[in-house]
Amino acid sequence: MVSVVGDTGRLGPGAGASASGPGLVRRRRRRWVRIGAFGVAGVVIAAGGAGWAVYAKLSGNITPDEAAAAELARYEKERPTSLVKDARNILLIGSDSREGDDNARYGRDSGTERSDTTILLHLSAGRDSATAVSLPRDLMVDLPGCRRPDGSRSAPRFTMFNQAFQVGGSACTIRTVEKLTAIRVDHHVVVDFHGFKEMVDAVDGVEVCLREPIDDRAARLRLPAGRVTLDGEQALGYVRARKTLGDGSDTERMERQQRFLGALVNKVRSNDVLLNPAKLYPVLDAATSSLTTDPGLASLRGLYELVRGLRDIPMERVQFLTVPRESYAYDANRDQLVEPQAERLFERLRTDTPVAVAGDVPRGSAPLRPTDSRDGSYGDSHPGPFARPVVTVSPPPTFRGNTAAEDTCE
């Protein structure tokens, strides 16, 4: 899955957010924002009856990414078009920025930042499903020429995906994703380490299931096996830890992040949070203060318009998966897409066609596919001139992943 982010880092004019921001929220009791991805993936709802002062404060928390909007407008003609009315694609970007006192503990601030985690969240036109696709940070991709923080322009190049954010902020990352997938990114959200922790703490922690104890000095994480409720600091270590957990791969870390996000979505959506004003306000305050979004989402009203109706999505229809990938042919420490599986996934997202996920699909393999939906047979044993072919409705292809309804302890 991916990592997280929170405070606000800004690039020069036209570049876009570098990682941070205020963000998602929802005005009215039972409206939660499923859009969240990691730190933010969790989502949110705006409290009713709080009054104009509360509304103004929460709305004012959100930072609009005007610079990215200006840069994207410059390249509007080369961007893909949306194919399905009302379907939405939101890019969730987690920055590894060490800027700011609270983020400095995670390493030296070198003055640059990369996208530690990136998730493409697809919301179906009917708002009956949400599919979050993790994009590996080490994926080898074609970066377009982008505007740097100092105003100069970079040359197009073939390099790791997470360098797009370092070179040109959120605008460069969005253009890279659109070039890679041919999917129009309608909105984006950026969050950093601090924002992720604030979101988790605001819901009084998130429960995860650990199959074995964790003792990771680099992540400052020491936890027992079994069910454990993680606070913000522990959650950050959990989703960022890599070398000491599992096989040490970034792919396994993304899967761990996806499971955590599913648990976070469940916690935020629970009545204990959404129907308790004392708990709801801190969640909304943390969510809006920790995100930088495109101007279209940078208000409670904008967020509400995007996510209304999402409260009815069944947890089993909130899906998390990693784009089909494998080790890069020329460097085992890098990734490349597995084709045609990756394009098959992108095409289904572009056309708002369902996909399914399951944990037993081998990594990097082709998705499990049903047979052709049209078998060419006829309903009558002795077909006449007006007999109609039998058409069966096949299930969507299944990719490796999990849903928010799954319990990792079972």
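Think of each chain on its own: its residues are numbered from 1, step by step along the sequence as written. With pLDDT at 70 or above as the cut-off, local features in this predicted model cover only qualifying residues; side-chain atom pairs require 80 or more to be listed or tallied, and sums for whole chains, interfaces and linings still use all residues. As a convention, hydrogens and water are excluded, and side-chain values are obtained from all of the structure's heavy atoms.

Turning our attention to the overall build of the protein chain. A run of H or I in DSSP counts as a helix once it spans at least four residues, and a run of E counts as a strand once it spans at least two, with each numbered from the N terminus. Regarding its fold elements, the protein chain presents 11 helices and 19 strands. Out of the 410 residues belonging to the protein chain, those deemed buried represent 55%. Residues are treated as being in contact if the distance between any of their heavy atoms lies within 4.5 Å. Counting contacts in the protein chain only where the partners sit at least 6 residues apart, residues at least 24 apart contribute 71% of the total. As presented, the protein chain carries roughly 17,500 Å² of accessible surface, and 47% of it is formed by carbon and sulfur atoms. Exposure is judged per residue with a 1.4 Å probe applied to protein chains only, and the accessible area is read against the type maximum: over 50% gives exposed, under 20% gives buried, and values in between give partly exposed. Throughout, the Shrake-Rupley method with a 1.4 Å probe supplies accessible areas, and for residues the shown protein chains are the sole cover considered.

Here the focus is the state of the cysteines. Count a disulfide wherever a pair of cysteine sulfur atoms falls within 2.5 Å. Counted by the stated rule, this structure contains 1 disulfide. In this model C146 forms its disulfide with C172; the gap between the sulfur atoms is 2.1 Å. Where C146 bonds to C172 through sulfur, the torsion about that S-S bond is close to 75°, and the disulfide is right-handed. Of this pair, C146 sits in the loop between β5 (140–143) and β6 (157–160) while C172 is found in helix α4 (residues 163–181), placing the two residues 26 residues apart along the sequence. On the basis of relative accessibility, which here comes to 1%, the residue C146 falls in the buried class.

With that settled, consider the packing of helix α5 (residues 193–202) against helix α6 (residues 232–240). Contact geometry for α5 and α6: axes closest at 8 Å, N-to-C directions at 125°. The angle between the axes of α5 and α6 places the two elements in the oblique class. Pair α5 / α6 crosses with right-handed handedness. Between α5 and α6, the residues in contact are F193, F196, K197, V200 and D201 and G232, E233, A235, L236, V239 and R240, respectively. When residues are sorted by character, Ala, Val, Leu, Ile, Met, Phe, Trp, Tyr, Cys and Pro go into the nonpolar class, Asp, Glu, Lys and Arg into the charged class, and all the rest, Gly among them, into the polar class. Of the residues belonging to the contact of α5 with α6, the class tally is 6 nonpolar, 1 polar and 4 charged. For helices, the fitted line uses only the C-alpha atoms of the stretch in contact; every axis is such a line through C-alpha atoms, and the angle between N-to-C directions lies from 0 to 180 degrees. Roughly parallel means an angle under 35 degrees; roughly antiparallel, over 145; roughly perpendicular, 65 to 115; everything else is oblique. Left-handed describes a crossing whose near helix is turned anticlockwise from the far helix through less than a right angle; right-handed describes the clockwise counterpart.

What follows is about the pairing of strand β14 (residues 325–328). DSSP calls a pair of strands paired once it identifies at least 2 bridges connecting them. The pairing of β14 with strand β15 (residues 331–337) spans 4 bridges and is antiparallel. Bridge pairing in β15 links Y328 to D331. The loop that links β14 with its antiparallel partner β15 comprises 2 residues.

Moving on: empty space enclosed by the protein. Cavities and pockets are found on a 1 Å grid laid over the protein atoms alone: a cavity is a set of points where a 1.4 Å probe fits but cannot escape, a pocket is an open set with protein on both sides within 12 Å along at least five of seven lines, and a lining residue has an atom within 4 Å of such a point. Grid points are joined across faces, edges and corners, and a volume is the space filled by probe spheres set on the points. Tallying each qualifying case throughout the model produces 4 cavities of 30 Å³ or more. Of the pockets and cavities examined, the second largest cavity occupies roughly 100 Å³.

So, about the packing of aromatic side chains. In this analysis, rings of Phe, Tyr and Trp, with Trp reduced to its six-membered ring, are considered paired at centre separations within 6.5 Å, and the interplanar angle assigns stacked below 30 degrees, edge-to-face beyond 60, and tilted for intermediate values. Applying the stated criterion to the full structure yields 4 aromatic pairs. The interplanar angle of 55° and the centroid separation of 6.1 Å between the aromatic rings of F158 and Y328 together place this pair among those described as tilted. Here F158 is found in strand β6, whereas its partner Y328 is found in strand β14, with 170 residues between them in sequence. Residue class for Y328 comes out buried when judged on its relative accessible area of 17%. Ring centres of F196 and F260 lie 5.7 Å apart, and the angle between their planes is 50°; this geometry places the pair in the tilted category. With F196 in helix α5 and F260 in helix α7 (residues 250–269), this residue pair connects regions lying 64 residues apart in the sequence. For F196, a relative accessible area of 0% translates into the label buried. One aromatic cluster in this structure is built from F158, Y328 and Y330. One Lys or Arg, R256, reaches over the ring of Y238 and ends 5.6 Å from the middle of that ring. Throughout this description, the term charge over a ring refers to an Arg CZ or Lys NZ atom that lies within 6 Å of the ring centre and within 35 degrees of the ring normal.

For the rest of this paragraph, the subject is the packing of α6 against α7. Packing of α6 against α7 leaves a shortest axis separation of 8 Å and a crossing angle of 145°. Contact residues: A235, Y238, V239 and R240 in α6; R253, R256, Q257 and F260 in α7. Considering only residue class, the contact of α6 with α7 consists of 4 nonpolar, 1 polar and 3 charged.

It is worth spelling out the confidence of the model for the protein chain at this point. Per-residue confidence from the predictor is reported as pLDDT, which spans 0 to 100. Per-chain confidence: the protein chain averages 77 in pLDDT, with 71% of residues scoring 70 or above. The model gives residues 1–13 a pLDDT under 50, and that stretch makes 89 contacts with residues more than four places away or in other chains. Residue range residues 19–50 is modelled with pLDDT below 50. Its contacts to residues more than four positions away, or to other chains, number 189 contacts.

Trans is the prevailing form of peptide bonds, just as negative phi is the prevailing case for residues other than glycine. The omega angle of the peptide bond from E339 to P340 is 10°, so this bond is cis rather than trans. In this fold, P340 is placed in the loop between β15 and α11 (341–350). For R127, which is not glycine, the phi dihedral falls at a positive 55°. Within the secondary structure layout, R127 lies in the loop between β3 (115–123) and β4 (130–134). By relative accessible area, R127 is classed as buried at 14%. Of note in this structure, A182 is not a glycine but carries a positive phi near 60°.

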